[in-house]
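# Structural overview
Given next are the chains, with one letter for each unit.
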Amino acid sequence: ISSNYCTAFTFFVLFIEQDPHVDDGDENTERGNWASKREYILSTIGYAVGLGNIWRFPYLAYKNGGGAFLIPYFVMLVVTGIPLFFLESAFGQFCSQGPINIWRAVPILQGVGIAMVLVTLIVSIYYNVIIAYSLYYMFASFQSPLPWSSCLSWADSNCSSTPRVSCNVSGVLVANWTQYNITCPETDVITDPVQSPSEQYWDRVALQRSSGLDETGPVVWHLALCLLLSSILVAAALIRGIKSSGKVVYFTATFPYVVILILLIRGVTLEGAGDGIQFYIGSQSNLTKLYEAQIWKDAATQTFYSLSIGWGGVMTLASYNSFHNNMFKDAFVVTLTNAGTSVLAGFAIFSILGHMAHIYQMPVGQVVKEGFGLAFIAYPDAMSKLPISPLWSVLFFFMLLTVGLDSQFAGIEVIVTCLLDAFPKIFKHKRALLTTSACAIVYLLGLPCVTQAGIYWVTLVDQFVASWVLLVLALLEIIGICYIYGGNRFIKDIEMMLGSKSFAFWLWWRVCWFFISPSIIVVILVWSLMTFKPPFYGGVQFPVWGLALGWCMVVFILLWIPVVAVYKLMKAQGTFQCCSTSCSPSKDWHPYLDVHRGERYSEERCCPMRNRENKQETDLSLPT
């Protein structure tokens, strides 16, 4: 395994060769750059490849016709995923600024940048909690047998490793009817609802889950300690910013692939694995699903969220690139790797779930779950049935840990970068203190999520903040860049980094940025709002005040957009001039270094050019 890992890693490193413009020294000595192209690619892949690739995509594929789901998924990747990832990467790389300062290009929309940072902050809080769950389960896996392999002292009478079946004989339920030579018709067979040991371990031991959001309960201290360890790991990796995290991702961004391959190889050798793969992407594929709108909506949503578009992280990571880095090639490498990871993880997950269904003599569809149910109930249950179960369990949860840490690195980096860009004189030489403080604040804000009602808080934040709010931000991002700043002007900015391209080269990207991508986002956004259902967890409905709090979080995030817009308009003087000034790039919008500004952004031509380009870019006509 070690030799195969080294070979694969060496091949990957050689594939991502450095651009000729990139050298070992920092081009931007004030802000810093990635030490190498490899570190940027691995960090971005680690950020994009999150827990959703492992516990969300396989379930969506199964639900939407198996292999048929891959058709709309890759279509949406081409028309929305790659174009928007390319757009955000180029936007961040051009000015070398974080999500707030980057909106100097369109000052009236600077509230969008603030909203992105707030979303990242709130999501980082509950993402840190999920990492804590993974840490706890990883530590608990160093036992043989695994503690959730059977009903122990913590279980109640409803816990059972096997289904409980009774026969209705003249109104009397008989459990062991075969011992009495009784023949039971199928219509009289009753299956009693029971909980598996893994499900009760998750609820009663790991979470110590309360009856609802109203019952907060005390802090679950083993989770609080794991949360503290998670915060320490993130702070240690980011203590020197990208200079330290860029080294850590050599392991954290590549090791999950090793584990996925190990689990896949082990999974396909198990009895019943073929049934699981058939349900995932085999002969059970239902091509008629392609005629249903739901499959296209799920494919677009999964593509959008899995690439972390609209969070500000893609811009932040790209802002540390050298000015002439080929972000066009990077967009393809990262997005295709992300999609391939989702497909590969599905094979590893479903092969073992197929074995689990074989053991329980149940259809695969009855053991398939998503989210927390897959990661902390179904999959641990399946691994407890394998020989050397602690080994497979440790590997699986260590993989979840590394996948979660990579995404958390980028989330904290977004927050730190915005503060550094906003107050460079104050924080320039205090990055370590700033990073440690950010991780400490995220830890403290995460403590309510490790109380006995913590899982309800995590679900609430996930459903309200990390959902359609991001669609609003991404839509405004496209409107701001393509329609207000000007798509043609943005293309000229990109050509300053990549060199001149032909009209044919840009035609596809214009079509996606101006029409296809925003149209798809509008459809998903409207659909999401029309089909919105109050969140719940484990059959427990949230109280009215909990739902109101969720909507308050949404309002608090989005409110910054109109507030900042009004402030910018009031700051400008004159009726026409206030709109023109607020929608035009500020004097601070330009490449970070003087050497890259060229004639377009030189001090002498800056103002005249911007006024002229504003008039030229108000229409969407394509140049001939």
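Treat the numbers as computed from the prediction; the structure is a model and nothing was measured.

## Topic: the overall build of the protein
When helices and strands are tallied, the protein shows 25 helices and 5 strands. Across the 624 residues in the protein, those meeting the buried criterion constitute 57%. As displayed, the protein has an accessible area near 25,800 Å², and 65% of this comes from carbon and sulfur atoms.

## Here's the deal with the UniProt feature "binding site: Na(+) 2" (unreviewed entry) in the protein
The sites that UniProt annotates as "binding site: Na(+) 2" (unreviewed entry) are Val49. Looking at where Val49 falls in the secondary structure, it is placed in the loop between helix 2 (37-48) and helix 3 (51-55). Note on Val49: relative accessible area 10%, which makes it buried. In contact with Val49, other than residues within four places in its own chain, are Tyr257, Asn338, Thr341, Val403 and Ser407.

## Side note on the UniProt feature "binding site: Na(+) 1" (unreviewed entry) in the protein
With numbering aligned to this structure, UniProt lists the feature "binding site: Na(+) 1" (unreviewed entry) at Gly46, Ala48, Asn53, Ser306, Asn338, Asp406 and Ser407. Across 362 residues in sequence, these annotated residues keep their C-alpha atoms within 13.4 Å of one another, forming a single compact spot. Structurally, Asn53 can be placed in helix 3. The contact partners of Asn53, leaving out residues within four places of it in the chain, are Ala48, Pro58, Ser306, Asn338, Ser342 and Ala345. A polar side-chain atom of Asn53 sits 3.0 Å from a polar atom in the side chain of Asn338. Looking at the element boundaries, Ser306 is found in helix 12 (residues 293-306). Not counting the four nearest positions on each side in its chain, Ser306 is found in contact with Ala48, Asn53, Tyr73 and Asn338.

## Concerning the packing of aromatic side chains
Counted by the stated rule, this structure contains 64 aromatic pairs. Residues Tyr280 and Phe347 carry aromatic rings whose centres are separated by 5.2 Å and whose planes lie at 90 degrees to one another, so their mutual orientation is edge-to-face. In this pair, Tyr280 is assigned in helix 11 (residues 273-281) and Phe347 in helix 14 (residues 327-360), connecting sequence segments 67 residues apart. With a relative accessible area of 0%, Tyr280 lands in the buried category. On the basis of relative accessible area, Phe347 is assigned to the partly exposed category, the value being 23%. The side chain of Lys501 reaches across the aromatic face of Phe505, ending 5.5 Å from its centre.

## Considerations on the state of the cysteines
A complete count under the given rule lists 1 disulfide for this structure. Disulfide partner of Cys151: Cys159, at an S-S distance of 1.9 Å. Because the torsion about its S-S bond is -85 degrees, the bridge between Cys151 and Cys159 counts as left-handed. Judged by its relative accessible area of 31%, Cys151 is partly exposed.

## Side note on the packing of helix 7 (residues 197-206) against helix 15 (residues 372-383)
What describes two packed helices is the angle between their axes and the distance between those same axes. Interhelical geometry of helix 7 versus helix 15 gives an angle of 135 degrees and a closest axis separation of 8 Å. In terms of their interaxial angle, helix 7 and helix 15 are classed as oblique. The crossing of helix 7 and helix 15 is right-handed. Where helix 7 approaches helix 15, its residues Ser198, Glu199 and Trp202 are matched on the opposing element by Phe372, Phe376, Ile377 and Asp381. Residues of the contact of helix 7 with helix 15, tallied by class, amount to 4 nonpolar, 1 polar and 2 charged.

## Comments concerning helix 9 (residues 242-252)
The complete set of buried residues in helix 9 reads Ile242, Ser244, Ser245, Gly246, Val249 and Thr252. The elements touched by buried residues of helix 9 are helix 2, helix 8 (221-237), helix 10 (255-268) and helix 16 (389-422).

## Some details on the packing of helix 14 against helix 15
Helix 15 packs onto helix 14 with a crossing angle of 60 degrees between their chain directions and a minimal axis gap of 8 Å. As the angle between them shows, helix 14 and helix 15 are arranged oblique. As helix 14 runs across helix 15, the sense of the crossing is left-handed. Between helix 14 and helix 15, the residues in contact are Ala348, Ile349, Ile352, Leu353, Met356 and Tyr360 and Leu374, Ala378, Tyr379, Asp381 and Ala382, respectively. Of the residues contributing to the contact of helix 14 with helix 15, the split by class is 10 nonpolar, no polar and 1 charged.

## Let's talk about the side chain of Asn64
You can see Asn64 is positioned in the loop between helix 4 (57-63) and helix 5 (70-95). A polar contact of 2.9 Å, which involves the side chain of Asn64, links it to the backbone oxygen of Leu60. Leave out the neighbours within four places in its chain, and Asn64 touches Phe69, Lys289, Gln294, Ile295 and Asp298.

## Thoughts on unusual backbone geometry
A cis amide bond, omega 0 degrees, links Ser144 with the succeeding residue Pro145. The topology assignment puts Pro145 in the loop between helix 6 (110-140) and strand 1 (164-169). Here the phi dihedral of Gln208 falls at roughly 50 degrees; this positive angle occurs in a residue that is not glycine. Note that Gln208 resides in the loop between helix 7 and helix 8. We note that Ser308 has phi near 60 degrees; this positive angle belongs to a residue other than glycine.

## So, the environment of Pro585
Tracing the backbone shows Pro585 in the loop between helix 24 (575-583) and helix 25 (606-616). Given a relative accessible area of 10%, Pro585 falls into the buried group. Each C-alpha atom of the pair Pro585 and Pro107 lies 6.7 Å from the other, and the pair is 478 residues apart in sequence.

## Re the pattern of salt bridges
Inspection of the entire model under this criterion finds 11 salt bridges. Here Arg31 makes a salt bridge to Asp421, at a shortest N to O gap of 3.1 Å. Here Asp421 lies in helix 16 and Arg31 lies in the loop between helix 1 (2-15) and helix 2, a separation of 390 residues in the sequence. This pair shows no difference in class: Arg31 is buried, exactly as Asp421 is. Lys385 is paired through a salt bridge with Asp381; the nearest N and O atoms lie 2.7 Å apart.

## So, the nonpolar core
Ranked by internal contacts, the top residues of the largest apolar core, which has 197 residues, are Tyr133, Trp202, Phe372 and Trp513. Of the residues forming this core, the biggest block, 21 residues, is contributed by helix 6. Not counting the four nearest positions on each side in its chain, Phe372 is found in contact with Trp55, Ile130, Tyr133, Trp202, Ile377, Ile455, Val458 and Tyr537.

## Describing helix 12
The end-to-end C-alpha distance of helix 12 is 20 Å, a good match for the 20 Å that 14 residues give at a rise of 1.5 Å each. Among the 14 residues that make up helix 12, 10 are buried, leaving the element largely enclosed by the rest of the structure.

Conventions adopted
- Residues numbered from 1 in each chain as written.
- Predicted model: local features only at pLDDT ≥ 70, side-chain atom pairs only at ≥ 80, totals over all residues.
- Heavy atoms only, no water.
- Helix = DSSP H or I, 4+ residues; strand = E, 2+ residues; numbered from the N terminus.
- Buried < 20%, exposed > 50% of the residue type's maximum accessible area, 1.4 Å probe, protein only.
- Areas by Shrake-Rupley, 256 points an atom, 1.4 Å probe, with all protein chains shown as cover.
- UniProt positions renumbered as here; feature names shortened; annotations may be inferred.
- Contact = heavy atoms within 4.5 Å.
- Polar contact = N/O pair within 3.5 Å; in protein donor to acceptor, adjacent residues only side chain to side chain.
- Phe/Tyr/Trp six-rings, centres within 6.5 Å; stacked < 30°, edge-to-face > 60°.
- Lys NZ or Arg CZ within 6 Å of the ring centre and 35° of its normal.
- Disulfide = S-S within 2.5 Å.
- Axes fitted to C-alpha atoms, helices over the stretch in contact; angles between N-to-C directions.
- Parallel < 35°, antiparallel > 145°, perpendicular 65-115°, else oblique.
- Left-handed = near helix turned anticlockwise from the far one by under 90°.
- Nonpolar A, V, L, I, M, F, W, Y, C, P; charged D, E, K, R; others polar.
- Salt bridge = Lys/Arg side-chain N within 4 Å of Asp/Glu carboxyl O.
- Core = buried A, V, L, I, M, F, W, Y, C linked by side-chain atoms within 4.5 Å.
- Expected span 1.5 Å × (residues − 1).

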